[in-house]
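Summary of structural features
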Amino acid sequence: MTTMTCPICENKIELPDGAKLGHRVTCPHCFAQLALYKNNNQNVLACAMCKNPTFDPAECGECERRREKKSIIEEGKL
């Protein structure tokens, strides 16, 4: 297993062996939705929506709103 750090709460997260870019994971401590991405030639955990490896509450809040809007549109409510 590979251990990485949550960019939000800095909790250690274990990824399964062979996890590929785009592999999604939920932080067991803060429940952030993260995915494995490449940034500056290094694998990092970043926001699953915007791919930003640096926590920015304004940006991540926007990701959450986009996800909710997409869900509403897919359900045919908008």
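Residues numbered from 1 in each chain as written. Predicted model: local features only at pLDDT ≥ 70, side-chain atom pairs only at ≥ 80, totals over all residues. Heavy atoms only, no water.

1. Notes on the overall build of the protein
Inclusion rule: Segments assigned H or I by DSSP are reported as helices when at least four residues long, segments assigned E as strands when at least two residues long, and all are numbered from the N terminus. Only protein chains enter the area calculation, which uses a 1.4 Å probe; residues under 20% of their type maximum are buried, those over 50% are exposed, and those in between are partly exposed. The contact rule is simple, with two residues in contact once any of their heavy atoms fall within 4.5 Å. With residues, only the protein chains shown are counted as cover, and all accessible areas are computed by Shrake-Rupley using a 1.4 Å probe.
When helices and strands are tallied, the protein shows one helix and five strands. Its helices and strands in sequence order give the protein the pattern β-β-β-β-β-α, from N to C terminus. A burial count over the protein gives 23% of its 78 residues as buried. Considering only contacts in the protein between residues 6 or more positions apart, those separated by 24 or more positions represent 16%. Surface summary for the protein: the accessible area is close to 5,600 Å², and the carbon and sulfur share equals 49%.

2. A few points about the nonpolar core
Where a protein is soluble and globular, its nonpolar side chains tend to be buried together. Rules: Among buried residues, the Ala, Val, Leu, Ile, Met, Phe, Trp, Tyr and Cys ones that are joined through side-chain atoms within 4.5 Å form a nonpolar core.
In terms of nonpolar packing, the biggest core is built from 10 residues, these being Met 4, Cys 6, Ile 13, Leu 15, Val 25, Cys 27, Ala 32, Leu 34, Leu 36 and Leu 45. Only strand 2 (12-15) and strand 4 (33-39) provide two or more residues apiece to this core.

3. Re the confidence of the model for the protein
Applied cut-off: Per-residue confidence from the predictor is reported as pLDDT, a score between 0 and 100.
The share of residues in the protein with pLDDT of 70 or more is 74%, and the mean pLDDT across the chain is 80. By mean pLDDT, helix 1 (residues 57-74) is the weakest element of the protein at 65, and strand 2 is the strongest at 94.

4. A few points about the sheet that holds strand 4
Inclusion rule: Being paired, for any two strands, means DSSP has found at least two bridges between them. Here an angle of 0 to 180 degrees is reported between the N-to-C directions of two axes, which are lines fitted to C-alpha atoms, with helices fitted over the stretch in contact.
With antiparallel pairing, the three strands of this open sheet are ordered in space as 3-4-5. Since the sheet does not close on itself, it has two edges, and those belong to strand 3 (24-26) and strand 5 (42-47), each with one partner. Going from strand to strand, the sheet's axes swing by 40° on average, the running direction of each strand aside. The pairing of strand 4 with strand 5 spans six bridges and is classified as antiparallel. Paired with Leu 36 across the strands is Leu 45, a residue of strand 5.

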